[in-house]
Amino acid sequence: MSAASDTIQDAQTKRPKSYLDNGHTVASWLLTGDHKRIAMLYLISVSIFFLVGGIAAGMIRAELVMPRGVFLENDSYNKVFTIHGVVMIFFFLIPAIPAVLGNFLIPLMIGARDLAFPRLNLLSWYVYMLGGTFGILAMLFGGVDTGWTFYTPYSSLYSNSQVGLTITGGFMAGLSSIFTGINFIATIHKMRAPGMTWFRLPLYVWSHYATSIIMILGTPVIAITIALVAVERVFRIGIFSPELGGDPVLFQHLFWFYSHPAVYIMILPAMGVISELIAAFSRRAVFGYHFVAFSSLAIAGLGFLVWGHHMFVSGQSMYQGVVFSLLSFLVAIPSAIKVFNWTATIYKGSVRLQTPMIYALGFMGLFVIGGLTGLYLSSMGTDIHLHDTYFVVAHFHYVMVGGTIMGYLGGIHYWWPKMTGRMYPDRWGKLSATLVFIGFNLTFMPQFVVGYMGMPRRYHLYYLQPEFQIYHIMSTLGSSVLGLGYLMPVIYLVWSLKYGKVAPANPWGAKGLEWETSSPPPTENFLEKPIVTRPAYDYDAEADEAEFEKLVAEGDPRAYAEVGD
């Protein structure tokens, strides 16, 4: 098609050329500096890794149906659950929302043309893919059997599996997240549109700002830690292994100093997504905007102070345990603020139960269960009984999978029309969201019970206690429903790329600068530089204006009284 016919077609559709039209070659994508295209590259990449991690999860659930196992040997099972943990955490959960939705939306939400460092943004994707390649190579060359935590001295001295390749991949993934965090902070500080003050920022941007702080401060710690594991493994220099004069508990301190804040790298962006969804589909400004914004910063700060609750049975003193226990209860407060304020926003709101809102409500239900069970694990008395059991597995998945993935899918469904310019079938979206919620509870609720009964995690043979079997059968059946719920969006979202209805600029009637440009946006994001004059989530003002116009149309004298005021 000629350039002239392109112009005619754009004029006929009355839609400017989008970022998707700015070159169709492979090179135009792989060498792009456009934050929106880089976000789409991340979307494809994290989806592939989610598939890999999901297949490993399915193998785990199938193996646990029988007390004596089904098809995996001991070493094979160890490698499968390690693959599941490494891929899901380092290559999906941590990068998913920041790298996909954060990359795409932050410049649009603050009225910027792009991120502050476009080349660094592209480099972050290449480094991420390099890390993922190392992880895949480790799997192809025999896998790794240490568990995703790489506890020493097993990982540094004794394991004969592909520890080196795996930790190199993790190191690369961490470097990529540092690049992303630097880019987000610089962009939010320096590239906001005129009138976009700090307290006019969407709460989604606040959550990514807090997440970026954790990325920059916490990720170097884990990078140094796994580098020290490599040094001890290759050069036999005593750092963590007692045989060489090292301290294995030191590794746990360094690992969890990063890995507990990493929980908030996963969940804070999801919380930002939920704030946007609750406001848009309740048609109300988020209740207590300032409290919700500052609670993100509070979570980021307090998250660095609670790593010791992972180590109640490691030999640390009782007094340390008391301090870490109290701090762990304290960090629950800003999380509770968010949930209560979302509930207050929904209260008396004009709620519309479209697909993104169902995901948001599902997030709230699952996150509350995950958060409350976290308080059991923050208490020394109960944690000693529940430590390293399936209760911990269930708690972790309720927060990370029930929280992060519900937020991620809710955000994908909410901004899909903006990203692609196409609508998806809402009925199928509602069905998939419902299946995900039901399947998730069927999968992980039985694990709370079997964990309380004493089933250790990472074990696949439990023939001495066959009473555990019924709970594993229930969990595996639930995982089948959950897997179907995850598969359905892949089908109908891909279908919508060709057959979906053309999306308007603002299909939801939502507030925010991203909805004031075309769907999909042009390469430069905005044809004219936006100027912000109203606070975020200005739905009340919209309602007041509509009510005023209605009074005027009806000739009601109250309209003129309002004008006088």
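Everything discussed here concerns the structure shown above.
Residues numbered from 1 in each chain as written. Predicted model: local features only at pLDDT ≥ 70, side-chain atom pairs only at ≥ 80, totals over all residues. Heavy atoms only, no water.

**Considerations on helix H16 (residues 426-452)**
With 27 residues, H16 ought to run about 39 Å at 1.5 Å a step, and its terminal C-alpha atoms sit 39 Å apart, in line with that. Just beyond H16, the residue with positive phi is Gly454, at close to 115 degrees. (Helix = DSSP H or I, 4+ residues; strand = E, 2+ residues; numbered from the N terminus. Expected span 1.5 Å × (residues − 1).)

**Remarks on unusual backbone geometry**
A cis amide bond, omega 5 degrees, links Thr152 with the succeeding residue Pro153. In this fold, Pro153 is placed in the loop between helix H6 (118-140) and helix H7 (154-158). That bond from Ser519 to Pro520 is cis: its omega, -5 degrees, falls within 30 degrees of zero. Note that Pro520 resides in the loop between helix H17 (469-499) and helix H18 (539-554).

**Things to note about the packing of helix H10 (residues 248-282) against helix H11 (residues 289-302)**
Put simply, H10 and H11 touch, their axes get as near as 11 Å, and they point 175 degrees apart. It follows that H10 is roughly antiparallel to H11 by the angle criterion. Contact residues: H10 offers Tyr264, Leu268, Met271 and Ser275, while H11 offers Val292, Ser296 and Ile299. A class-by-class count of the residues in the contact of H10 with H11 yields five nonpolar, two polar and no charged. (Axes fitted to C-alpha atoms, helices over the stretch in contact; angles between N-to-C directions. Parallel < 35°, antiparallel > 145°, perpendicular 65-115°, else oblique. Contact = heavy atoms within 4.5 Å. Nonpolar A, V, L, I, M, F, W, Y, C, P; charged D, E, K, R; others polar.)

**Details of the packing of aromatic side chains**
Scanning the entire structure with this criterion turns up 42 aromatic pairs. The interplanar angle of 90 degrees and the centroid separation of 5.0 Å between the aromatic rings of Phe255 and Trp256 together place this pair among those described as edge-to-face. Judged on exposure class, the residue Phe255 and its partner Trp256 are both buried. Between the aromatic rings of Phe257 and Trp307, the centroid separation amounts to 5.4 Å while the plane-to-plane angle is 75 degrees, which identifies the pairing as edge-to-face. With a gap of 50 residues between them, Phe257 in helix H10 and Trp307 in the loop between H11 and helix H12 (318-346) connect regions that are remote in the sequence. Given a relative accessible area of 26%, Phe257 falls into the partly exposed group. Here the guanidinium or amino end of Arg68 rests over the ring plane of Tyr463, the centre of that ring lying 4.1 Å away. (Phe/Tyr/Trp six-rings, centres within 6.5 Å; stacked < 30°, edge-to-face > 60°. Buried < 20%, exposed > 50% of the residue type's maximum accessible area, 1.4 Å probe, protein only. Lys NZ or Arg CZ within 6 Å of the ring centre and 35° of its normal.)

Keep in mind these values describe shape, not function.
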